[in-house]
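# Structural characterization, general
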Amino acid sequence: MSIYVSNLSYEVEEDDLRQMFSEHGCVRKIQVSLNHKTGEKRGFAVIEMETDAEEAAAIVALRGIECMGRSLKVNRARTKYSIS
C-alpha cells in the first residue's frame, strides 16, 4: 500500500507530505529520496498508507495538485520485483 510521488520541489519536507496525505487516511511511513553522496533531495518520495482505500483516495485527491510551484505526479508505487 505505497504511493509514488514525483515532481516534488527540492524544498519539500517530510512534514509537508505528511500533512497533505494524512487528510486522506493514516500515513504509516514517508521516505523522501536523497542522493547518497550529496544528501540532496531527488524530487520524489514513497508514502505508505494504512489501507488500499486510503491509498486510492489520496491518489485521486492529490494527483496533479500544485505544491510549492510544481504539479505533483501521484501513482501507486510499483514493486521492484514481480512474481509471475
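In this convention, every chain numbers its residues from 1, walking through the sequence in written order. Where local features are concerned, this predicted model is filtered to residues with pLDDT of at least 70; where side-chain atom pairs are given and counted, the filter is 80 or more; whole-chain, interface and lining totals use all residues. The basis for the side-chain values is all heavy atoms of the structure; hydrogens and waters are excluded.

### Quick notes on the nonpolar core
Residues I3, V5, L17, F21, I47 and V74 are the most contacted members of the largest nonpolar core, which totals 19 residues. Contributing elements (two or more residues each) for this core: β1 (2-6), α1 (14-22), β2 (27-34), β3 (41-49) and α2 (52-62). Note on definitions: a residue-residue contact is assigned when non-hydrogen atoms from the two residues lie within 4.5 Å. Apart from the residues within four sequence positions on either side, V74 is in contact with I3, Y4, V5, F21, I59, L62 and R63. By nonpolar core is meant a set of buried Ala, Val, Leu, Ile, Met, Phe, Trp, Tyr and Cys residues that side-chain atoms within 4.5 Å join together. Residue burial is assigned from relative accessible area. The probe radius is 1.4 Å, only protein chains are included, and a residue is buried under 20% of its type maximum, exposed over 50%, and partly exposed in between. The helix count covers DSSP runs of H or I at least four residues long, the strand count covers runs of E at least two residues long, and both are numbered beginning at the N terminus.

### Section: the packing of aromatic side chains
Pairs of aromatic rings are described using the distance from one ring centre to the other and the angle between the two planes. Two rings from Phe, Tyr or Trp (for Trp, the six-membered ring) form a pair when their centres sit within 6.5 Å of each other. Planes less than 30 degrees apart are called stacked, planes more than 60 degrees apart edge-to-face, and all others tilted. Summed over all chains, the structure comprises 1 aromatic pair. Ring geometry for Y4 against F44: centres 5.4 Å apart, planes inclined by 40°, an arrangement best described as tilted. Of the two residues, Y4 is situated in strand β1 and F44 in strand β3; the sequence distance between them amounts to 40 residues.

### Remarks on the pairing of β3
In the sheet, β1 pairs with β3 via 5 bridges, with the strands oriented antiparallel. Bridging from a neighbouring strand, S6 pairs with F44 of β3. Pairing analysis gives 6 bridges linking β2 to β3, with the strands arranged antiparallel. Bridge pairing links I30 to I47 in β3. For two strands to pair, DSSP has to find at least two bridges joining them. Between β2 and β3, which follow one another and run antiparallel, lie 6 residues, and G39 among them has a positive phi close to 80°.

### A look at α2
One full turn of an α-helix is made of 3.6 residues, so residues set three or four places apart face in the same direction. All of the buried residues in α2 are E54, E55, A58, I59 and L62. Mapping the buried residues of α2 onto a view down its axis gives an arc of 135°, with all of them on the same face. Those residues of α2 that are exposed and aimed more than 90 degrees away from the buried face are A53 and V60. Of the surrounding secondary structure, the elements contacted by the buried residues of α2 are β1, α1, β3 and β6 (73-76). Positive phi shows up at G64, right after α2, with a value of about 85°. Summarising the geometry, the arc corresponds to the directions from the helix axis toward the C-beta atoms.

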